[in-house]
Amino acid sequence: MSDTQEPDTVSALEAPEFAAAQFVRWFREVAPYVHAFRGKTFVVAFGGELVQANALNTLVQDLSLLSALGIKLVLVHGSLPQVNEQMRLKGINQHFHRSRSPMDADALECAKEAAGEIRLDIEAAFSQGLPNTPMSHAQIRVISGNFVTARPTGIIDGIDYKHTGQVRKIDVDALKFAIERGSIVLLSPLGFSPTGEAFNLSMEELATSVATALRAEKLIFLTETPGVISPDGTVDTELARLDADALLASGELDADTAFYLHYASRAVKRGVSRAHLVPFSLDGVVLLEIFTHDGVGTMVVEDTLDDLRPATIDDVGAILKLIEPLEQDGTLVTRGRAVIERDVENFTVLEHDGVIYGCATLHDFPKDQMAEMGCLIVHPEWQGTGEGEMLLRHMESRARALGAKRLFVLTTRTSHWFIKRGFVQGGVADLPKDKQAHYNRSRNSLIFIKRL
C-alpha cells in the first residue's frame, strides 16, 4: 500500500480528446456519490450576478444532469443588480446592497420586473433541447408558485422598511409534492402576505429557510467569492460549524465571504446536512463540488466529515470494492465475502461524505502481546494526503488499547512505506505461534514489526 502515489488523471481541459481510460476511471469513482445523493434534496441559490456574468446556461445544464441522476432540486435566485438597473433606467435615485434596506412601492415594482425577467430566463434555459448539447433529450419541468408566505420587516430603530420583508412560512407540503414528482422548483426573492401584499426578500435568507424547512441534504450558494481562504492562500474545503462561527466572530473574513458563511452556518445549525460556498466563475463548479472528494469551494458541516469508525455489516460491499483490485494483482491474499463478513468487527473504515474510501483490519494475539494490521488500503483517488498515515496511527492506538506491545504487518509490495514509519524487518520466528502456523510460504511475504 502506498500513501504517496499520484493519480494519473489530468483535468478534462488538458486530457486527450479520447482519454477512454480516464473517462472510465472517473465514471466509476463518481458512482458512490451518485448512489449516495439519489433521492436527496439540494437547494441551490445564486444571485443576479451569476445571470449578469452569462453563467446561467452552463449552470442550468449541470443542474439538469443532477436532476437526471435523481437529485431533487429547489432553485432560489436573487436579482439585486437587475433591480438596481431597473431603478436606474426609471430614474429612481436609490441603490440597494446586500444589507437590508427599506423598499418603497416604486422600488418594489422594479424588484417584481427584475425577478420576473430572471425567472423567464431560467425557465427558457431549462427548456433547451438542441441536439448535441447537454440539454438534448432533457425534459425538465420547472414550477414556480406562491410557496413562501412573507411578513413585513416593520419599523426598526425608527425606520419603516415598507415592502422589505422576511420569510414567515414555507409551504413544505406543496414543495415536496412538486419535487417528488420530478419537477424543479424555482423560487424568486419575493413573498406574499395573507392579505396579498408583496414583499422583497433576501435571497440568502429565503434559501436558508427553504433548505431548513425541507431538511435538505445540501444548501449550495453560488457566489462571487472562492470560499473561505486559509492563511496559506488555499481554499479551506471543509469547516466545522463551530469553526465557521469562530471565523465570523474574529472579523478576519472579507465582507462578501462573511455574508454567505453566516447563512451557511445558520443552515447547518438548523439541521441542513451540508452548506457550500462555491464560485460561479469556475466552469462546472457544482459538479466538481459534489462529485470530487475535497470539492472546490468551502463546505460547512456540523462536524468534519472525514470519519474513522468501526466497520459494520453494511460496509462489507464497500470494503470488498477496495480490496478486490489488490487481490487481483496479487498484493493481497484473496478473501471472499464470507471472510469479510466474519471478520468485519476487526475492520476500521475511513468515510467521507457517506463514501468509504479507506480501511484497515486488526487481529489481536493477546498471548504474545502482539497485533497484526492488515488490509491497509486507501482508494487511489485519495492517496497522497495523509489518510494512510491516519489509519496507521488509529490502528496503533487500537493495538495499544488491546494491550499489544508490538504491531506487525505482512506485505509483498510496500515495504518502504512501513520502514519509513518505524517498522523494522523481522522473520517468521518473530511472529506469534498461531500466526507462524498459518504463514503462507508460497507468497513469501515480508514481515515488518513496530514497537508500540
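- The protein chain has the name Amino-acid acetyltransferase in an unreviewed UniProt entry, where Sheuella amnicola is given as its organism.
- Annotation of the protein chain in UniProt includes, under Pathway (unreviewed entry), the sentence "Amino-acid biosynthesis; L-arginine biosynthesis; N(2)-acetyl-L-ornithine from L-glutamate: step 1/4."
- Check the Catalytic activity (unreviewed entry) section of the UniProt entry for the protein chain; it says "L-glutamate + acetyl-CoA = N-acetyl-L-glutamate + CoA + H(+)".

### Some details on the environment of Tyr 161
- Tracing the backbone shows Tyr 161 in the loop between strand S6 (159-160) and strand S7 (165-170).
- Residue Tyr 161 is classed as buried on the basis of its relative accessible area, which comes to 12%.
- Dropping the residues within four chain positions of it, Tyr 161 is found in contact with Arg 100, Ser 101, Pro 102, Met 103, Thr 153, Gly 154 and Ile 156.

### Some remarks on the domain arrangement of the protein chain
- Each domain of the protein chain was delimited in the assignment, giving domain 1 (18-299) and domain 2 (306-449).
- With centres defined by C-alpha atoms, the gap from domain 1 to domain 2 works out at 44 Å.
- In this assembly, 10 residues from domain 1 lie in contact with 10 residues from domain 2.
- Approximately 980 Å² of surface area, both sides summed, lies buried where domain 1 meets domain 2, with 51% of it carried by carbon and sulfur atoms.
- Looking only at domain 1, the three residues that lose the most surface to domain 2 are Glu 29, Tyr 33 and His 293, adding up to 54% of its buried area.

### Some thoughts on the sheet that holds strand S19 (residues 406-411)
- One open sheet holds the 7 strands; their spatial order is S15-S16-S17-S18-S19-S21-S20, and the pairing between them is mixed. Edge positions in the open sheet fall to strand S15 (307-310) and strand S20 (424-426), since each of these has one partner strand only. Here the strands of the sheet are splayed against their neighbours by 30° on average, with no regard to which way each runs.
- As paired elements, strand S17 (residues 355-365) and strand S18 (residues 370-378) share 7 bridges and run antiparallel to each other. Among the inter-strand pairings, Asp 364 is bridged to a residue of S18, identified as Ala 371.

Parameters and conventions
- Residues numbered from 1 in each chain as written.
- Predicted model: local features only at pLDDT ≥ 70, side-chain atom pairs only at ≥ 80, totals over all residues.
- Heavy atoms only, no water.
- UniProt positions renumbered as here; feature names shortened; annotations may be inferred.
- Helix = DSSP H or I, 4+ residues; strand = E, 2+ residues; numbered from the N terminus.
- Buried < 20%, exposed > 50% of the residue type's maximum accessible area, 1.4 Å probe, protein only.
- Contact = heavy atoms within 4.5 Å.
- Domains from an automatic or database assignment.
- Buried area = accessible area lost by both parts, 1.4 Å probe.
- Pairing = 2+ DSSP bridges.
- Axes fitted to C-alpha atoms, helices over the stretch in contact; angles between N-to-C directions.

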